[in-house]
Amino acid sequence: MKNIRIYISPTYKKELKKLKRKNYPVELISICLKAILENEAPSIKGKMERL
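Rules used in this analysis
Residues numbered from 1 in each chain as written. Predicted model: local features only at pLDDT ≥ 70, side-chain atom pairs only at ≥ 80, totals over all residues. Heavy atoms only, no water. Helix = DSSP H or I, 4+ residues; strand = E, 2+ residues; numbered from the N terminus. Buried < 20%, exposed > 50% of the residue type's maximum accessible area, 1.4 Å probe, protein only. Areas by Shrake-Rupley, 256 points an atom, 1.4 Å probe, with all protein chains shown as cover. Axes fitted to C-alpha atoms, helices over the stretch in contact; angles between N-to-C directions. Parallel < 35°, antiparallel > 145°, perpendicular 65-115°, else oblique. Contact = heavy atoms within 4.5 Å. Nonpolar A, V, L, I, M, F, W, Y, C, P; charged D, E, K, R; others polar.

1. Points about the overall build of the chain
Then comes step 1: Along its length, the chain carries 3 helices and 0 strands.
Then comes step 2: Going from N to C terminus, the chain has its helices and strands arranged as α-α-α.
Then comes step 3: Looking at the chain residue by residue over its 51 residues, the buried ones come to 10%.
Then comes step 4: Split by element, the accessible area of the chain, about 4,800 Å² in all, is 56% carbon and sulfur.

Written out as structure tokens, the structure is:
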């Protein structure tokens with residue numbers, strides 16, 4: 001597994017705050033983003049089925 005560093009822009013943080021206020025599961029976004037970057041499709045499917 002590679003360690004990839006991602007620059008989290010101020011816009012990204014702002015949008016996450018907006019979603020948190022609307023009670024959206026923000027941790028799911030982080031999990032999916034990480035899985036996409038690591039190219040782990042089974043991991044994404046497993047997380048989405050639990051919702």
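Still more to cover.
2. Considering the packing of helix H1 (residues 10–21) against helix H2 (residues 26–37)
Then comes step 1: Remark: H1 packs on H2, axes separated minimally by 9 Å, with the N-to-C direction vectors making an angle of 135°. With respect to H2, the element H1 is oriented oblique. Touching Tyr-12, Leu-16, Leu-19 and Lys-20 of H1 are Val-26, Ile-29 and Leu-33, all from H2.
Then comes step 2: Split into classes, the residues belonging to the contact of H1 with H2 amount to 6 nonpolar, no polar and 1 charged.

By themselves, these are just geometric observations and shouldn't be taken as functional.
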